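Observations on the model geometry
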Amino acid sequence: MLPVLSGLGLGLSLIIAIGAQNVFVLRQGIRSEHVLPVVIICAVSDALLIAAGVAGLGFVISAAPWLVVVARWAGALFLLAYGILAARRAWRGGEQLRVDQTDGESPIARSSGSGTSTATRTALAPVIATALALTWLNPHVYLDTVLMLGSIAATHGEDRWLFAAGAITASILWFTALGFGARYLGRWLRTERSWRILDALIALVMITLAVSLVLPVLHV
């Protein structure tokens, strides 16, 4: 039982941090838009990465550090693009939550000169693509999940898969709570100004993360 609890604690400590993936899941949860697919993608991806680390993929990455460098640049470019889009939304505005939301309707509305109209929901395909990119193009995922968790799991010997089970459980619990719990933030996001502030914060986080990814490479 101790390896499971150790994996659970370490998994939560690594995943509960302000990052691109968490910000995206939070935003989808607040919008109540394709939350289940996003949560499943993030949780399953984490599970695969943790399993790969426990199985020994971390040694491969250690032997080929250029793979992390490639992931850094690819991830930085993607985060920069996403951050620019968020900054554009913050600048233009026009998005808010419907106060009189009814079942089956999108909770997002856009303001126009003639009043407020229901906005078109984002298609599922680009949401899935974004969730996958924010997960698999993030080098910190490989460093933390594959290398760190994999190395620590190895110290548990035959119980390393119990440790992995605890870490995987942490990911499932976190993404489920973040995605489906975010809707309770809706009461503070019923105005266009609130959404512009949220998108500005998202842009700041994404662009900052993009810069932080390539700084170690540029300093070499």
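Residues numbered from 1 in each chain as written. Predicted model: local features only at pLDDT ≥ 70, side-chain atom pairs only at ≥ 80, totals over all residues. Heavy atoms only, no water.

1. Some words on the overall build of the protein
Where we set the bar: The numbering of helices and of strands both runs from the N terminus, where a helix is a DSSP run of H or I of at least 4 residues and a strand a run of E of at least 2. Think of it in three bands: with a 1.4 Å probe and only protein chains considered, a residue is buried below 20% of the maximum accessible area for its type, exposed above 50%, and partly exposed in between. Residue contacts are counted whenever heavy atoms from the two residues lie within 4.5 Å of one another. Accessible surface is estimated by sampling points in the Shrake-Rupley manner with a 1.4 Å probe; for residues, cover comes only from the protein chains shown.
Regarding its fold elements, the protein presents 9 helices and 3 strands. Starting at the N terminus, the α and β elements of the protein follow one another as α-α-α-α-α-β-β-β-α-α-α-α. Looking at the 220 residues of the protein, the share that counts as buried comes to 44%. Once local pairs closer than 6 in sequence are excluded, the contacts in the protein between residues at least 24 apart make up 79%. Counting every atom, the protein has about 11400 Å² of accessible surface; 69% of that belongs to carbon and sulfur.

2. As for the packing of helix α2 (residues 20-31) against helix α6 (residues 124-136)
To be explicit about the condition: With axes taken as lines fitted to C-alpha atoms, and helix axes fitted only over the stretch in contact, angles between N-to-C directions fall between 0 and 180 degrees. Relative orientations are named as follows: roughly parallel for angles under 35 degrees, roughly antiparallel for angles over 145 degrees, roughly perpendicular for angles from 65 to 115 degrees, and oblique for any other angle. Crossing handedness: left-handed means the near helix sits turned counterclockwise from the far one by under a right angle, and right-handed means the same turn made clockwise.
Two numbers describe how α2 lies on α6: the axes approach to 8 Å, and their chain directions differ by 155 degrees. Taken as axis vectors, α2 and α6 run roughly antiparallel relative to one another. Handedness of the crossing formed by α2 with α6: left-handed. Residue-level inspection shows A20, Q21, F24 and Q28 of α2 in contact with α6, the latter providing V127, T130, A131, L134 and T135.

3. Some details on the pattern of salt bridges
Rule in force here: Salt-bridge detection follows one rule: a side-chain nitrogen of Lys or Arg within 4 Å of a carboxyl oxygen of Asp or Glu.
Counted under the stated rule, the structure contains 1 salt bridge. For R31, the salt bridge is made with E33, and the minimal N-O distance between the two is 3.2 Å. According to the relative accessible area criterion, E33 is buried, its value standing at 1%.

4. Section: the packing of helix α3 (residues 35-55) against helix α7 (residues 139-154)
For clarity, the threshold we go by: Each residue is assigned to one of three groups, with Ala, Val, Leu, Ile, Met, Phe, Trp, Tyr, Cys and Pro labelled nonpolar, Asp, Glu, Lys and Arg labelled charged, and all others, Gly among them, labelled polar.
Two elements in contact, α3 and α7, have axes separated by 7 Å at closest approach and are oriented at 45 degrees. Between α3 and α7, the crossing angle belongs to the class labelled oblique. When the axes of α3 and α7 are compared, the crossing they make is right-handed. Where α3 approaches α7, its residues D46, L49, I50, G53 and V54 are matched on the opposing element by V141, Y142, T145, V146, L149, G150 and A153. Taken together, the residues that form the contact of α3 with α7 break down as 8 nonpolar, 3 polar and 1 charged.

5. Brief notes about a nonpolar patch on the surface
Quick note on the threshold: Patches in this entry comprise residues that are over 30% relatively accessible and not in a salt bridge; like charges within 9 Å are linked, as are nonpolar side chains (Val, Leu, Ile, Met, Phe, Trp, Tyr) within 5 Å.
On the surface, V69, W73, L80, I84, I207, V211, L215 and L218 cluster together to form a nonpolar patch covering roughly 650 Å² of accessible area. Among the elements of the structure, α5 (66-92) and α9 (192-218) are those that each provide at least two residues to the nonpolar patch. Here V211 lies in helix α9. The exposure class of V211 is partly exposed, given its relative accessible area of 43%.

6. Points about α6
Short version of the rule: What a helix should span is 1.5 Å times the count of its residues minus one.
Counted at 1.5 Å a residue, the expected span for α6 with its 13 residues is 18 Å, and the 18 Å between its end C-alpha atoms agrees. What α6 keeps buried is the set V127, T130, A131, A133, L134 and T135.

7. A word on the nonpolar core
Filter applied, for reference: For our purposes a nonpolar core is just a set of buried Ala, Val, Leu, Ile, Met, Phe, Trp, Tyr and Cys residues, chained together by side-chain atoms within 4.5 Å.
Membership of the largest hydrophobic core comes to 31 residues, with the highest contact counts inside it found for F24, V25, V38, L79, F175, I202 and M206. For this core, the element with the most residues is α9, which contributes 8 residues. Leave out the neighbours within four places in its chain, and I202 touches V23, R27, Y82 and A86.

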